[in-house]
Amino acid sequence: MTVIERIKNDRDGDLIKLLDYAKSNGIPGYTFPGNKTLLLPCFQLVRNKAEIFANHKPVLTISIGGSNVKIMLASMKDGRVQVQQLLAKANPEVMTEFNDYFADLLLTKPEFKDYLNKDDAIIGVSIAVAIVNGIPLHPSKVPFVKNLIARDYKKDLLTHNFCENLQNFLTANKLKKAEIYLEGDCPLAHLGSVMMSGLSAAEPSFLSICGTGMATAEDEIFILFSWAKMLTAEDPELFPATETEGGQFQYCVAGKGLWSFMRRAVILKSKEAGSQLASAEVLKWFTSAADSKNVGLIWESALPDGGSNAKSAEIRASMPAAAFAELQELSLAIMAKAVSVFVNNTLATLICLGEKAVNKNCHIFIEGSIANNKCFYPRFKKELEERCADQQLFTKIDRKMPAMPVILNDVIKADPAGNLPAQLMREVDITSVGALSLAIAKQELHKN
């Protein structure tokens, strides 16, 4: 069997496995039950009293992703985000102390430092990991910032309370005490999407995200189908457990996995008769998570609507034409599977909502650098809509067909409050808006 044949795309089979995973793992249900108590009142407030979010004084937001971090100072005016300042940086690649990390983020822009000297400073924080009782928890994300993300909950309990550590940073730098609110990125991106779109309590919705990782979140449930350990059993050589966190489903599509998926596929392809990959320097283009972008760019270069780009042209020039053509062939197979993986992640969540998604058109917000790629998103949307309308599929899996969902991927309404360049405004993302909406909601709830 060739490697292309091994990168099989069994859409219905994978969906059935995900639904079985949901059943055996108690889904739907909050992955971390404590978070439901903290977030549900915020969603209720956003959905029922949208007017209080239309206008609000400035809030500082911190959005820490797997690869990048963004700091935003913004207010709300007439339902639109007014951005006073924004900083976007890559996360460090050498070990960095917690206080040094935040000094570089919060003390270098005078607007941030001035705000943190106010008596009523509010900070909304999103981190792209699970938050368990105030502790950011993940086995591997953001590895080079000390005491930021716990790897072992019990072991790190006393040293990784984020809000305490950030408050201590403010004190150490002679800044005022702030109100700090923390949550995971996927639920917050959904909260921000609901705020921006003005959905009521009668309009069901959830968010599906795919960037460095993959997840979905609704008001009451936070589902991680991405953690389903399906891949190693499917093909242990193509998806070794040691490189896929036990064979997690997300390693077919998320940024943390695409680069190594391609790397292993190249190695296997190079062993096939007639392959030109063995004699070319190919693996240097797939050495870390940052190189997942290369997989997407090679894929785009093979698509009629994608076109060439500087990076794919550079990769093409580094090897014989036949070798690059093989890379394109692999990328087409890998990205077709990636689209279907994200569709199944989203469709399984829709099915798990049950009657809510059957009786009404559920709004699905799409977020993440991969999900919103110019070539990925339209293919994802088309496939999801086709499968939602496939009566034979729902007969096969013995589930009710949902009402056709409303799929949205651009709900942010934001303006520069000063002279921020347009390029910087493009860095405003729904996760930062979610952190803003969290802070506003928490402040309102504390009043009562």
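Structure: see above.
1. Brief notes about the sheet that holds strand β1 (residues 56–64)
Read across the sheet, 6 strands follow the order β7-β4-β1-β2-β3-β13 without closing on themselves; strand pairing throughout is mixed. Strand pairing shows two members of the sheet lacking a second neighbour, β7 (179–184) and β13 (414–416), which therefore form its edges. Here the average twist between neighbouring strands, direction ignored, is 30 degrees. Lying on the sheet, helix α8 (residues 185–197) is in contact with β2 (68–77), β3 (80–90), β4 (122–127) and β7; it crosses β7 at an angle near 105 degrees.

2. Structural notes on the packing of helix α12 (residues 310–317) against helix α13 (residues 321–352)
Orientation of α12 relative to α13, taken along the N-to-C sense of each, is 135 degrees, at an axis distance of 8 Å. One element, α12, and the other, α13, form an angle in the oblique class. Each of S312, I315 and R316 in α12 lies in contact with α13, whose residues at this interface are F324, L327 and Q328. In terms of residue class, the contact of α12 with α13 is built from 3 nonpolar, 2 polar and 1 charged.

3. Regarding the sheet that holds strand β12 (residues 406–408)
Spatially, 5 strands are ordered β10-β9-β8-β11-β12 in an open sheet, and the strand pairing comes out mixed. Here the strands that pair on one side only, and so sit at the sheet edges, are β10 (222–223) and β12. Taken together, the 5 bridges between strand β8 (residues 205–210) and strand β9 (residues 214–218) define a ladder with antiparallel strand orientation. The partner of I209 across the bridge, within β9, is A215. Lying over the sheet, α8 contacts β8, β9, β10 and β11 (363–367), oriented at roughly 130 degrees with respect to β8.

4. A word on helix α15 (residues 376–388)
Every α-helix winds through 3.6 residues per turn, so residues three or four apart in the chain are directed the same way. Taking 1.5 Å of rise per residue, the 13 residues of α15 would be expected to cover 18 Å, and the 18 Å separating its terminal C-alpha atoms lies within 8% of that figure. Taken together, the buried positions of α15 are occupied by F376, Y377, F380, E383, L384, R387 and C388. The buried residues of α15 occupy one face: seen down the axis, they fall within an arc of 135 degrees.

5. Some thoughts on the nonpolar core
I64, F102, I123, L148, F162 and L166 are the most contacted members of the largest nonpolar core, which has 75 residues in total. Here this core takes 8 residues from helix α18 (residues 430–447), the largest share from any one element. Setting aside residues no more than four positions away along its own chain, F162 makes contact with I64, F98, F102, V125, I127, G134, P136, L148 and L182. Counting 74 residues, the second-largest nonpolar core is a separate cluster that includes V3, M214, L350 and C352.

6. Focus: the side chain of Q250
Tracing the backbone through its elements, the reader meets Q250 in the loop between α9 (231–234) and α10 (255–270). When neighbours within four sequence positions are excluded, Q250 is seen to be in contact with G213, M214, S226, W227 and K256.

7. A few points about unusual backbone geometry
In this structure, V142 is a non-glycine residue whose phi angle is positive, near 45 degrees. Position of V142 relative to the elements: it lies in the loop between β6 (135–137) and α6 (153–156). Non-glycine residue E245 carries a positive phi angle of around 50 degrees. Examined against the element boundaries, E245 turns out to sit in the loop between α9 and α10.

8. Examining the pattern of salt bridges
Oppositely charged side chains can pair when the atoms bearing their charge come close. This model, assessed by the stated rule, comprises 26 salt bridges. A salt bridge links R264 to E243, with the shortest nitrogen-to-oxygen separation between them at 2.7 Å. Taken together, the residues span a long stretch of sequence, with R264 in helix α10 and E243 in the loop between α9 and α10 at a distance of 21 residues. Judged by relative accessible area, which is 7%, R264 ranks as buried. Across the pair E245 and K256 runs a salt bridge, and its minimum N-O distance is 3.0 Å. Of the two residues, E245 sits in the loop between α9 and α10 while K256 sits in helix α10, which places them 11 residues apart along the sequence. Residue class for E245 comes out partly exposed when judged on its relative accessible area of 22%. Linked by salt bridges that have partners in common, R6, D235 and E237 make up one network.

9. Things to note about the packing of aromatic side chains
One pass over the structure, following the stated rule, counts 10 aromatic pairs. Ring geometry for F342 and F376: centres 6.1 Å apart, planes at 50 degrees, overall tilted. Taken together, the residues F342 in helix α13 and F376 in helix α15 connect sequence positions 34 residues apart. Looking at F376, the relative accessible area reads 1%, which means it is buried. An aromatic cluster of three or more residues is present, and its members are F98, Y101, F102, F162 and F169.

About the criteria used
Residues numbered from 1 in each chain as written. Predicted model: local features only at pLDDT ≥ 70, side-chain atom pairs only at ≥ 80, totals over all residues. Heavy atoms only, no water. Pairing = 2+ DSSP bridges. Helix = DSSP H or I, 4+ residues; strand = E, 2+ residues; numbered from the N terminus. Axes fitted to C-alpha atoms, helices over the stretch in contact; angles between N-to-C directions. Contact = heavy atoms within 4.5 Å. Parallel < 35°, antiparallel > 145°, perpendicular 65-115°, else oblique. Nonpolar A, V, L, I, M, F, W, Y, C, P; charged D, E, K, R; others polar. Expected span 1.5 Å × (residues − 1). Buried < 20%, exposed > 50% of the residue type's maximum accessible area, 1.4 Å probe, protein only. Arc of directions from axis to C-beta. Core = buried A, V, L, I, M, F, W, Y, C linked by side-chain atoms within 4.5 Å. Salt bridge = Lys/Arg side-chain N within 4 Å of Asp/Glu carboxyl O. Phe/Tyr/Trp six-rings, centres within 6.5 Å; stacked < 30°, edge-to-face > 60°.

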